[in-house]
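Letter by letter, the chains look like this.
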Amino acid sequence: MTIDTTTVTRKLNIPTGYGDLPDGWSWAPLDDLCQGIYDCPHSTPKITQVGPYIARTQDISSGIFRTEKAAHVSEETYAERTRRAIPSPGDLLYSREGTYFGIAAEVPKKTQVCLGQRMVLIRPDRKRVDFRFLRYWLNSPLMAAHIHGFRDGSVAERLNLPTIRSLPVLSPPTFEQRAIADVLGGLDDKIAVNDRITLIAELLGRAHFEGHFAEALQKIANGTTLPVGWSVATLGETTEILETGKRPKGGVAGYAKGVPSIGAESIIRMAQFDFSKAKYVPEDFFTSMKRGIVRDRDILVYKDGGKPGDFKPHVSMFGDGFPFDRMCINEHVYRIRMKTELGQAFGYYWLSSGPIMDEMRTRGTGAAIPGINSTAVKGIPVVEPPLDRIAEFNATVSPLISKAFQAASESHTLVALRDTLLPQLMSGRLRIRDAEQIVEDAL
């Protein structure tokens with residue numbers, strides 16, 4: 001039953017600051033709009049190498065269930081964890097505890113998945129609420145601010161199940177729900193296409209690298225003999241710049257703006273950056289920096305950080321204005337410029353190749369703060385094929401790298417547009433026809 005706002009204000013705890021409802025809109029508790037809300041089994045699942053996916057809070061932190069890094073469980077574990085309900089397309093995965101609590105993601109089509117710990121399955125009543133609209137509502141800035149008023153737990157942020165069941169949901173007529181979801185979904189669809197373009201561009205470059213320099217990779221992996229004219233040097237001998245950056249004394253927590261400072265957590269892979277984790281240094285500090293200023297197509301290498309005893313090397317490359325026109329690195333990141341004749345593309349694919357990533361894991365040290373020191377980095381082997389072969393490779397993959405940066409930049413713009421439209425549409429201040437025109441112009 002839909003409940004009139006004038007009679008449920010206290011019961012529903014309607015988000016602070018929401019004004020008058022547009023004609024025909026109402027509020028309802030989440031439970032009233034769903035066929036079921038199911039908690040996860042309170043047990044630790046055994047992870048396997050293959051099998052159905054298990055959705056954990058970190059896997060839906062972006063509002064989309066990312067299968068690339070999701071873990072797997074056995075068929076037996078899957079059956080055990082889906083006794084209450086089998087997640088299906090049209091359902092929502094919802095995180096109720098931890099760093100990423102209060103985020104909803106759709107269950108992808110043709111994907112066998114069960115709930116990890118700290119997760120809830122929401123099964124909307126399709127006659128009452130559009131599941132995609134509900135996802136946008138639950139992930140809206142208005143609800144993000146709202147649920148922080150209901151969290152409990154001083155260490156692990158969490159929402160209990162009764163609170164989730166009583167969350168207030170904006171309930172326009174279903175045709176308007178679908179229209180709003182279509183507008184925002186059009187942007188998300190384009191963002192997903194760009195993500196695939198970025199990934200495919202990198203994979204194509206990697207496939208070309210592995211085919212072009214197979215002898216070099218086999219030399220590092222298996223110790224095979226190199227062709228005549230090929231040689232082995234070290235990273236220290238083949239780079240013009242290999243340095244770290246720095247942060248102001250006291251860190252960067254007190255700065256909400258300035259020049260972006262790239263930390264180890266942002267070293268993922270080429271053309272990938274989480275803007276929600278952007279940190280800044282003051283303009284005058286940036287101006288005073290003698291090292292650590294990022295230049296176009298610099299290779300960035302994860303230096304240290306992470307869980308004690310678990311060093312996981314990462315290599316990235318930024319450029320063409322992505323993610324920022326001006327930026328620097330902190331002391332937990334290496335910035336690398338290869339010698340001109342080798343080039344940045346060759347350097348990136350060499351350092352992020354399987355054999356060299358294994359080499360970094362071997363060289364990584366530190367039980368308390370795992371990392372790789374500068375001596376170990378400079379000693380990484382670099383096989384130098386004939387220069388004409390390197391030049392041919394760099395010329396071939398350079399357009400692919402540009403395409404990856406272009407798609408990533410466009411996605412950043414579309415995400416900003418979606419996040420601007422979302423609260424306007426949810427409040428009724430922006431009508432659907434106007435939003436459709438804005439999106440059409442953007443796409």
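**Student:** It is not clear to me how the pairing of strand β17 (residues 333-338) should be interpreted in this structure. Could you clarify?
**Tutor:** Regular strands have side chains that alternate between both faces of the sheet. Counting buried residues in β17 gives 6 out of 6 residues, a clear majority hidden from the surface. Burial along β17 is two-sided: the face carrying V333, R335 and R337 and the face carrying Y334, I336 and M338 are both buried. Strand direction decides the pairing type here: strand β11 (residues 239-244) and β17, joined by 5 bridges, are antiparallel. Its bridge partner lying in β17, L242 is registered against I336. Direction of pairing for strand β14 (residues 299-302) relative to β17: antiparallel, over a ladder of 4 bridges. Considered in β17, the bridge of L300 is made with R335.

**Student:** Would you mind going over the sheet that holds β17 with me for this structure?
**Tutor:** Backbone hydrogen bonds hold the strands of a sheet together, and the pairing may be parallel or antiparallel. Here 4 strands make up an open sheet; going across it, the order is β11-β17-β14-β15 and the pairing antiparallel. The open sheet has two edge strands with one neighbour each: β11 and β15 (315-317). Each strand of the sheet is rotated relative to its neighbour by a mean of 25°, with strand direction disregarded.

**Student:** Honestly, the side chain of R337 in this entry has me stumped. Any pointers?
**Tutor:** Along the chain, R337 falls in strand β17. Of the polar contacts made by the side chain of R337, one reaches the side chain of D298; its length is 2.8 Å. Filtering out sequence-adjacent residues up to four positions away, R337 remains in contact with T239, E240, I241, R295, D296, R297, D298 and Q344.

**Student:** I'm lost on the environment of E436 in this one. Help?
**Tutor:** Residue placement: E436 occurs in helix α14 (residues 432-442). Using a relative accessible area of 42% as the deciding quantity, one classes E436 as partly exposed.

**Student:** What am I meant to see in the sheet that holds strand β4 (residues 71-72) here?
**Tutor:** Reading across from one edge, β4-β3-β7 is the order of the 3 strands in this open sheet, with mixed pairing throughout. The sheet terminates laterally at β4 and β7 (113-115), the two strands that pair on one side only. By the bridge criterion, 3 bridges tie strand β3 (residues 48-55) to β4 in an arrangement that is antiparallel. Each residue of the ladder has a partner; that of I54, found in β4, is A71.

**Student:** Mind showing me how you'd approach the environment of R418 here?
**Tutor:** By secondary structure assignment, the location of R418 is in helix α13 (residues 387-427). Classification of R418 by relative accessible area gives buried; the value is 16%. The sequence separation of R418 and I268 amounts to 150 residues, and the corresponding C-alpha distance is 24 Å.

**Student:** I keep staring at a negative patch on the surface and nothing clicks. Help me out?
**Tutor:** Where like charges cluster on the molecular surface, the negative patch consists of D182, E436, E440 and D441. The element contributing the most residues to the negative patch is α14, with 3 residues. Relative to the helices and strands, D182 resides in helix α6 (residues 174-212).

**Student:** Is there a simple way to think about the confidence of the model for the chain in this case?
**Tutor:** Atom-level detail of predicted coordinates should not be read off regions where pLDDT is low. Confidence in the prediction for the chain averages 91 pLDDT; 95% of positions are at 70 or higher. Between residues 1-10, whose pLDDT stays under 50, and residues either more than four places distant or in other chains, the model counts 16 contacts.

**Student:** Whenever I open this one, the packing of α6 against helix α7 (residues 214-222) confuses me. Can you help?
**Tutor:** Helix-helix packing: each pair is described by the crossing angle between the helix axes and the interaxial distance. In contact at an axis separation of 5 Å, α6 and α7 are set at 80° when each is read in the N-to-C sense. By the angle class used here, α6 and α7 are roughly perpendicular. On α7, the residues that touch F209, E210, G211 and H212 of α6 are A214, E215 and L217. Partitioning the contact of α6 with α7 into residue classes produces 3 nonpolar, 2 polar and 2 charged.

The rules we used
Residues numbered from 1 in each chain as written. Predicted model: local features only at pLDDT ≥ 70, side-chain atom pairs only at ≥ 80, totals over all residues. Heavy atoms only, no water. Buried < 20%, exposed > 50% of the residue type's maximum accessible area, 1.4 Å probe, protein only. Helix = DSSP H or I, 4+ residues; strand = E, 2+ residues; numbered from the N terminus. Pairing = 2+ DSSP bridges. Axes fitted to C-alpha atoms, helices over the stretch in contact; angles between N-to-C directions. Polar contact = N/O pair within 3.5 Å; in protein donor to acceptor, adjacent residues only side chain to side chain. Contact = heavy atoms within 4.5 Å. Patch = residues over 30% accessible without salt bridge, like charges linked within 9 Å, V, L, I, M, F, W, Y side chains within 5 Å. Areas by Shrake-Rupley, 256 points an atom, 1.4 Å probe, with all protein chains shown as cover. Salt bridge = Lys/Arg side-chain N within 4 Å of Asp/Glu carboxyl O. Lys, Arg positive; Asp, Glu negative; His and termini not counted. Charge placed at Lys NZ, Arg CZ, Asp CG, Glu CD. pLDDT = per-residue confidence, 0-100. Parallel < 35°, antiparallel > 145°, perpendicular 65-115°, else oblique. Nonpolar A, V, L, I, M, F, W, Y, C, P; charged D, E, K, R; others polar.

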